[in-house]
Amino acid sequence: MLPAGLILAGLGLGYAVAHCADQPAKSAEPAKLAGDGVLFPPDRAVLLSGSFDVICKMNDAALQVDGKPREWEPFEPPLRVAHVGLSPGIHELRIGDRRREIVVALNEEEHDGPDDWPLLRHHQMNRDPGRCGDCHESTRQDDRVVVGELKSHEACIDCHEMTDFEAVHSHPLEPIEHCEACHALHGSPRKGLLKAPAKQLCAECHEP
């Protein structure tokens, strides 16, 4: 049940007034996906941006955003992708028989969701049909986008300045060329999209 009087904006055309939560969203791990085929967004997460891709792996799954049907973009099944733009407030996504509740926040302290919903950061995405090719090997077949494996770290360097890498990481690039070893590319509750606290990640290769 959504709060009374909440204005839902399925296509980002309306505006839902966000109220100040009693406490900031907690930066805890989002709920596990439980292998239900929905890659993004996770259920009951607080997003700092309402512009994101709904991503799932299902052969047949209709998409509804706040009760309104939305079309999937031309991706090769079973991958399904649809870009949405949502205003601040609580929103419901139905992906086949799966249900997701999310809240788009005004900032890290102000949102309409429960206080225990975790804050989730994610890459900003444009609406270009070839956008997945920024990070994944992808091709077009029969007017559909076929998305494959992750590219090498060079795909990250296309957007993130190489000159800043060693300063930010205090580490040369060569031994850690697989960025996904430390970064969750689709979303993370931590700054820098880290999979775990930085000290924990470093300790996986280095003695404390």
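Residues numbered from 1 in each chain as written. Predicted model: local features only at pLDDT ≥ 70, side-chain atom pairs only at ≥ 80, totals over all residues. Heavy atoms only, no water.

K.L.:
Would you take a moment to explain the nonpolar core for this structure?
P.N.:
What tends to happen in soluble globular proteins is that the nonpolar side chains get buried as a cluster. Core analysis: the largest hydrophobic core is formed by 26 residues, its most contacted members being Leu47, Phe52, Val54, Leu63, Trp72, Leu86 and Ile95. Listing elements by their share of this core, those giving two or more residues are strand S1 (38–40), strand S2 (45–47), strand S3 (51–57), strand S4 (63–65), strand S6 (79–85), strand S7 (89–95) and strand S8 (98–104). Those residues within four positions of Leu63 in sequence are excluded, and the remaining contacts are Val54, Lys68, Pro69, Arg70, Trp72, Ala82, Arg94 and Ile95. Within the second largest apolar cluster, six residues are counted, among which are Ile90, Val103, Ala105 and Trp117. (Core = buried A, V, L, I, M, F, W, Y, C linked by side-chain atoms within 4.5 Å. Buried < 20%, exposed > 50% of the residue type's maximum accessible area, 1.4 Å probe, protein only. Helix = DSSP H or I, 4+ residues; strand = E, 2+ residues; numbered from the N terminus. Contact = heavy atoms within 4.5 Å.)

K.L.:
Hey, could you run me through the confidence of the model for the protein in this one?
P.N.:
Atomic detail in the predicted coordinates should be set aside for any region of low pLDDT. Summing up the model confidence of the protein, the mean pLDDT is 78 and the portion of residues at 70 or higher is 81%. Considering each helix and strand of the protein separately, the mean pLDDT is smallest for helix H2 (residues 162–169), with a value of 75, and largest for S4, with 98. Below pLDDT 50 for its whole length, residues 1–34 participates in 82 contacts with residues either more than four positions away or in separate chains. (pLDDT = per-residue confidence, 0-100.)

K.L.:
Please clarify how the state of the cysteines should be interpreted in this entry.
P.N.:
Throughout this description, disulfide means a covalent bond between two cysteine sulfur atoms. Summed over all chains, the structure comprises zero disulfides. There is no disulfide at Cys132, and the cysteine sulfur nearest it, in Cys135, is 8.5 Å away. The buried category is assigned to Cys132, whose relative accessible area is 14%. Here Cys156 stays unpaired: no disulfide links it, and the sulfur of Cys179, its closest cysteine neighbor, is 3.6 Å away. The exposure class assigned to Cys156 is partly exposed, which follows from its relative accessible area of 24%. (Disulfide = S-S within 2.5 Å.)

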